[in-house]
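Topology and contacts: notes
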Amino acid sequence: MTTNSNPKINNSSAEAADRDIENSVQAIMSVRADASTIDAAQRKLLLRLDKAQTARRDTRPFWALATAAVLAILILPMVIWMPGSGNGVAFAQVQNFFSTFSTMRAQLTTTMGEQVILDMDVFVDGSDRARIDAEDQFTLIVDPTRDEFLQLNHMLRQAWSTPLDGDSDSDSGSMSESDAIDDDPLAWLDEIRQFEGEADRLDERRLIRDHQATGFALEAGGQSMTLWSTDEGQPLRLVIETPVHEGERPLDVQTRIDFYFDEVMDEAIFALTVPEGYQVNNIH
Amino acid sequence: MQSSFLTEHSPPHFKEGARAMDVNKLARDHGRVVFLAAFRILNDHARAEDVQQSVFLRLLERPIPNHRWASIEEPAAYLSVMATRLAIDELRRRRRWRFFTPDEEAGLAGEVEQPPAVREQAVAAQRLRQAIARLPRRQAQCFALRVFEGSELAEIADHLSISANTVSVTLNRAMQSLRKTLCADALSSAAAAERTSGKE
């Protein structure tokens, strides 16, 4: 389109273009889909939802608990970092461990009564790269340095690769689809930020992995937690009581997380490489 | 971007009390609205159906936390916005694969026995859709939410997690781009018509 130095002409062509757009918008708004097609789509939608829900029923408890456990470990540093949540020198030292580690490994075990229902290993490094392994069922690898999130379902041998940044598209006209996903994999941060916690030092001491441990009781996210740390403030163990109900009946679900700091970690732990034989689904 | 038509065209938004999210009920109550929101943008039944299903499957996979859902006053409007955003993605994706799909305007030309006014409207609608597909994603989303969903700037800002000021600037850019594109289209159509009449 050529530019014209005459403002009147420019204004009139802009007005004409606006009228064009307005007419086109009206044309689009007046489009009517065939009623029988809408009804058919509606029927298919309800069937599809029904199927999807049936398929999810078997796995829901596992995923719900896994999510709770993962959230718990991610919540913890936020609870501890929260200004005013500390209660004495030891707690400030605990805070320091969570904010300055070069690597952190956490072993999560969730039990229902006497039964172990979930075992997970979490690895985090100083760049906030994280890997979560849930037995032989799934692996999640988050790499903020590369804006990538890899999910591996070992049972289905499926891999999903997703960009982390949900809003990176600029108005530059770039064809990047990196923000094609509305669901931010880090949406849990919103949840975490709403938590408010208070830590109360317990009188009781325990022996954990050959260390005399001091306990701190926390309430966060509707969950009761107890954090055990050494006298130097090194976190050793977090125990979380998860309020889970089966109908009206409360279930005794407890997650225990053991922490190990500054271990040497193989770089391969955070590799975003899809294992051989896995079907790759890129969500870009 | 102050043209009144930007605020005049919006589907009905149902005022409802806040409540916990029940995806099945939402699908039953608002599935049709969601379908129509997608259909307006895509003008394609099958693709609108895909978008409709994607909206509710997403909610099933990633339910909106109760406290957030409780703050949403108009579930139908919220779902329509989701559909609009997904439809915009689909529209842009389709444009990228245009070499492998039939030319839709050519398709329109092939439709038979339409009154000229109806045909003209259909062509105008299709041209705008194509122009929207050529916009950067954020501009396309802002424009579609504003004109097709009748969303306020603050609502768009909230949905897209950007500031209202950015929405305003983005809408202005979108309008400028659309003016340019549609003017260029009109000029080339006029030139083509002139050539045709010259031959005759």
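Note that residues are indexed from 1 along each chain, following the sequence as it is written. Chain letters and ligand numbers both follow the written order, the letters beginning at A and the numbers at 1. Only residues with pLDDT of at least 70 get local features here, since the model is predicted, and only at 80 or more are side-chain atom pairs given and counted; chain-wide, interface and lining totals rely on the full set of residues. To obtain the side-chain values, all non-hydrogen atoms of the structure were used and water was disregarded.

**As for the overall build of chain B**
For the record, the criterion: We count a stretch as a helix when DSSP gives it H or I for four or more residues in a row; a strand needs E for two or more, and each element gets its number in order from the N terminus. The classification of residues rests on relative accessible area computed with a 1.4 Å probe and restricted to protein chains. Under 20% of the type maximum is buried, over 50% is exposed, and intermediate values are partly exposed. Between two residues, a contact is recorded if the distance between any of their heavy atoms is within 4.5 Å. Only the protein chains shown count as cover for residues, and the accessible areas themselves come from Shrake-Rupley with a 1.4 Å probe.
For chain B, the count of helices and strands is ten helices and zero strands. Taken from N to C terminus, the helices and strands of chain B fall in the order α-α-α-α-α-α-α-α-α-α. Relative to its full complement of 200 residues, chain B shows a buried share of 46%. Taking all contacts inside chain B whose residues are at least 6 apart in sequence as the whole, residues at least 24 apart take part in 71%. Of the roughly 9,700 Å² of accessible surface on chain B, a fraction of 51% belongs to carbon and sulfur atoms.

**Focus on the side chain of A:Asp258**
Residue and element names in this part refer to chain A. Heads up, the condition is: N or O atoms closer than or at 3.5 Å make up a polar contact, with two conditions inside protein: a donor-capable atom paired with an acceptor-capable one, and, for residues adjacent in sequence, both atoms drawn from side chains.
Note that Asp258 resides in strand S11 (residues 249–261). Engagement of the side chain of Asp258 in a polar contact is seen with the side chain of Arg209, the distance being 3.4 Å. Here Arg256 takes part through its side chain, which lies 3.5 Å from a polar atom of the side chain of Asp258. Non-local contacts of Asp258, meaning those with residues more than four positions away in its chain, are made with Arg105, Ala106, Gln107, Arg209, Leu236 and Arg237.

**Notes on the packing of helix H2 (residues 23–42) of chain B against helix H3 (residues 45–61) of chain B**
Residue and element names in this part refer to chain B. The criterion, for reference: Interaxial angle, 0 to 180 degrees, is taken between N-to-C directions of lines fitted to C-alpha atoms, where a helix line uses only the stretch in contact. Oblique is the label for any angle not covered by the other classes, which are roughly parallel (under 35 degrees), roughly antiparallel (over 145) and roughly perpendicular (65 to 115). Should the near helix be turned anticlockwise from the far one by less than a right angle, the crossing is left-handed, and should it be turned clockwise, the crossing is right-handed.
For the pair H2 and H3, interaxial distance at closest approach is 8 Å and the crossing angle is 140°. The pairing of H2 with H3 is recorded here as oblique in orientation. Viewed along their axes, H2 and H3 form a crossing whose handedness is right-handed. Between H2 and H3, the contacting residues are Val23, Leu26, Ala27, His30, Gly31, Arg32, Val34, Phe35, Ala38, Phe39 and Leu42 on the first element and His45, Arg47, Ala48, Glu49, Val51, Gln52, Val55, Phe56, Leu59 and Leu60 on the second.

**Details of the nonpolar core**
The criterion, for reference: The set of buried Ala, Val, Leu, Ile, Met, Phe, Trp, Tyr and Cys residues whose side-chain atoms join them within 4.5 Å is what this entry labels a nonpolar core.
Counting 56 residues, the largest nonpolar core has B:Val55, B:Phe56, B:Leu59, B:Ile132, B:Phe143 and B:Phe148 as the members making the most contacts within it. Elements that contribute at least two residues to this core include exactly helix H1 (7–29) and helix H2 (35–57) of chain A together with H2, H3, helix H5 (75–96), helix H7 (116–134), helix H8 (137–147) and helix H10 (164–199) of chain B. Considering each element in turn, this core owes the most residues, ten residues, to H2(B). Of all hydrophobic cores here, the second largest spans 23 residues; its members include A:Val124, A:Ala130, A:Ile132 and A:Ile257.

**Focus on the side chain of A:Thr139**
All names here are of chain A. One can find Thr139 in strand S4 (residues 138–143). A polar side-chain atom of Thr139 sits 2.7 Å from a polar atom in the side chain of Asp133. With residues near it in sequence (within four places) discarded, Thr139 still touches Arg131, Ile132, Asp133, Leu150, Gln151, Leu152 and His154.

**A word on the packing of aromatic side chains**
Working definition: an aromatic ring pair is given by the centre-to-centre distance plus the angle between the planes. Residues and elements named next belong to chain B. Just so we agree on the cut-off: A pair of aromatic rings is counted whenever rings of Phe, Tyr or Trp (Trp by its six-membered ring) have centres within 6.5 Å, and the orientation is called stacked for planes under 30 degrees apart, edge-to-face for over 60 and tilted otherwise.
Under the criterion given, the structure shown has three aromatic pairs over all chains. Ring geometry for Phe35 and Phe39: centres 6.1 Å apart, planes at 10°, overall stacked. With Phe35 and Phe39 both in helix H2 and four residues apart, this pair spans about one turn of that helix. Residue Phe35 is classed as buried on the basis of its relative accessible area of 0%.

**A closer look at the pattern of salt bridges**
Under the convention used in this document: Take a side-chain nitrogen of Lys or Arg and a carboxyl oxygen of Asp or Glu: if they are within 4 Å of each other, that pair is a salt bridge.
Counted by the stated rule, this structure contains 17 salt bridges over all chains. Notably, a salt bridge pairs A:Arg206 with A:Glu204, separated by 2.9 Å at the nearest N-O pair. The residue B:Arg47 makes a salt bridge to B:Asp44 at a minimum N-O spacing of 2.9 Å. The exposure class of B:Arg47 is partly exposed, given its relative accessible area of 25%. Beyond isolated ion pairs, a larger network of salt bridges with shared partners links A:Arg209, A:Arg237, A:Arg256 and A:Asp258.

**Overview of the packing of H8(B) against helix H9 (residues 153–160) of chain B**
Residues and elements named next belong to chain B. Quick reminder of the rule: When residues are grouped by polarity, Ala, Val, Leu, Ile, Met, Phe, Trp, Tyr, Cys and Pro land in nonpolar, Asp, Glu, Lys and Arg in charged, and all others, Gly among them, in polar.
The interhelical angle for the contact between H8 and H9, taken along N-to-C directions, is 135°, at an axis separation of 10 Å. As judged from the angle between their axes, H8 and H9 are oblique. Where H8 crosses over H9, the two elements pack in a sense that is right-handed. Residues Arg138, Gln141, Cys142, Leu145 and Arg146 of H8 pack against Leu153, Ile156 and Leu160 of H9. In the contact of H8 with H9, the residues fall into five nonpolar, one polar and two charged.

**Structural notes on the environment of B:His45**
With respect to the element layout, B:His45 can be found in helix H3. When the C-alpha positions of B:His45 and B:Phe35 are compared, they lie 8.6 Å apart, and in sequence the two are ten residues distant. Setting aside chain neighbours within four positions, we find B:His45 in contact with A:Ala33, A:Asp34, A:Thr37, B:Phe35 and B:Phe39.

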